Every structure is written in structure tokens, then in C-alpha cells.
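# Analysis of the macromolecular model
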Amino acid sequence: VYVIAFLIFSSVEQVLAKIMGDVAYPALSEVARERPADLKSTYYRFHLAIASVTFFCAGSLMVSGGELIGLLYDRRYEQAGWMLEILAVALLTIPFRVALLTFMALGMARLHAEIIVIRVLALFVLAPAGFHLFGLRGAMWGIVASYFSVLPMIIFHKIRHGLFDLRKELLALSALLFGIFLAKALIMAVG
């Protein structure tokens, strides 16, 4: 049942990762090499585009995961609905991967490795702890928390390297609200 929820979550994650890897990373690398003064503005163009799509998808899935699973699968798999709704929260961390690609474009590959280690360690601690304390829902929230565990380090390095603008970071949140609103409206319209 978890695999169904994870595959839907993962499909959104992988499409965005592919776009970031094939489009954003080469462009950021070129700007970092040839026009370093333009790096922040180029970074935020990609960040805003990725964040808008990601936040819309996250908002939609956070409120309609159960309905989506009910539409695609029979009642045996209805548990995947609430799992998908919880996993969708982790999509909110995807735009921060643009920062990781920017750091790699700046030659900071070691930082990327450190972030992976932190996330894996957090996953191995938080998922079992969540399961022990709160059962399967706790484990799901532990998995989601592992995605968020690296954000303080990413934000620290964004500030340190002049790649942080709070106003621009918050700009894409309207897409999250729109996704939530649209999904709720569709649920109400369908019944």
C-alpha cells in the first residue's frame, strides 16, 4: 500500500528532478562560470518556476490524496490515500534542490554529499522513532521530517553565499494555497 503512495509522490519528485538536472544545472553552471554576478537572479528564476509547480502539486496532493487513490484504486488500497497526503508535504523541500545544484555549479560538491549524509541519518533515526511512538503515521511523518532535516544547512549556505532573498522564497507560496484551494474545489464539485 505504501508503494502506491510513494510511486505517485515519487513521480512528481522525479519529473521535477529531471527538469532541474537537465535544464537548471547546465544553465546555472554556465552562469557561474561566465557571469557570476547574474547567478542569484538566474537561481531565483529557476527556483520560482520549480517552487510554483512543486508547491501547487504539494498543495493539491495534501488535500486530495485520499480521493485520488479512491479514483485510481479499489478500497483495498484506500490506506495509500492518507500516506500520499503526508508524503506530499515532503514535496515542499524540492525547490531547495535548486540551491544544491547551484552549490555544485560553484564547485561545492562536498556540501551535496554532506547533505545526503544528514538526510540518510535523519531518516534512519526519525522513521523508526516515529513508528515506535506513533505507529505507521509516525513513521510516515518521520520520513517527511527527514526531507526537512537538511533545510537549515541549505539555508545557512544560501545566506553565506549570497543566494537568499526571503521575499522571493515566500513568493511561490501562493501556488501552494492555489493547489489546496483548487483540490478542495474539485473535491466539493465531484462530491
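A brief report on the enclosed structure follows. Bear in mind the structure is a predicted one, so any value in this text is a computation, not a measurement. (Residues numbered from 1 in each chain as written. Predicted model: local features only at pLDDT ≥ 70, side-chain atom pairs only at ≥ 80, totals over all residues. Heavy atoms only, no water.)

Within the protein, the secondary structure is distributed over eight helices and zero strands. Counted from the first residue to the last, the protein has its helices and strands arranged as α-α-α-α-α-α-α-α. The principal-axis extent of the C-alpha atoms belonging to the protein is close to 55 × 40 × 25 Å. Taking all 191 residues of the protein together, 42% fall into the buried category. Summarising the internal contacts of the protein: among those between residues at least 6 apart in sequence, 80% fall at separations of at least 24. On the protein, roughly 10300 Å² of surface is accessible, and the fraction owed to carbon and sulfur atoms is 70%. Side-chain charges in the protein split into 16 positive and 12 negative, and the spacing between the mean points of these groups amounts to 4 Å. (Helix = DSSP H or I, 4+ residues; strand = E, 2+ residues; numbered from the N terminus. Buried < 20%, exposed > 50% of the residue type's maximum accessible area, 1.4 Å probe, protein only. Contact = heavy atoms within 4.5 Å. Areas by Shrake-Rupley, 256 points an atom, 1.4 Å probe, with all protein chains shown as cover. Lys, Arg positive; Asp, Glu negative; His and termini not counted. Charge placed at Lys NZ, Arg CZ, Asp CG, Glu CD.)

Here we take up the nonpolar core. Of all hydrophobic cores here, the largest spans 55 residues; its most connected members are Leu 28 and Ile 154. Secondary-structure elements contributing two or more residues to this core are helix H1 (2-34), helix H2 (39-72), helix H3 (79-90), helix H4 (96-105), helix H5 (109-148), helix H6 (151-160) and helix H8 (173-190). With 11 residues, H1 is the largest single contributor of residues to this core. Ignoring sequence-local partners within four residues, the contact set of Leu 28 consists of Leu 39, Thr 42, Tyr 43, Phe 46, Val 98, Leu 101, Thr 102 and Ala 105. (Core = buried A, V, L, I, M, F, W, Y, C linked by side-chain atoms within 4.5 Å.)

The next thing to look at is H3. Across the 12 residues that make up H3, a large majority, 10, are buried. Within the span of H3, buried status applies to Ala 80, Gly 81, Trp 82, Met 83, Leu 84, Ile 86, Leu 87, Ala 88, Val 89 and Ala 90. Where H3 is buried, its residues touch H1, H2 and H5.

Quick look at the packing of H5 against H6 now. One way to put it is that H5 packs onto H6 with a least axis distance of 9 Å and a crossing angle of 150°. Listed contacts from H6 to Leu 111, Glu 114, Ile 115, Ile 118, Tyr 147 and Phe 148 of H5 are Leu 151, Pro 152, Met 153, Ile 154 and His 157. Class assignment of the residues belonging to the contact of H5 with H6 gives a composition of nine nonpolar, one polar and one charged. (Axes fitted to C-alpha atoms, helices over the stretch in contact; angles between N-to-C directions. Nonpolar A, V, L, I, M, F, W, Y, C, P; charged D, E, K, R; others polar.)

Moving on, we get to the side chain of His 47. Relative to the helices and strands, His 47 resides in helix H2. Accessibility expressed as a relative area gives 2% for His 47, which makes it buried. A distance of 3.4 Å separates a polar atom in the side chain of His 47 from the backbone oxygen of Pro 95. With residues up to four places along the chain from it excluded, the contact list for His 47 reads Pro 95, Val 98, Lys 168 and Glu 169. (Polar contact = N/O pair within 3.5 Å; in protein donor to acceptor, adjacent residues only side chain to side chain.)

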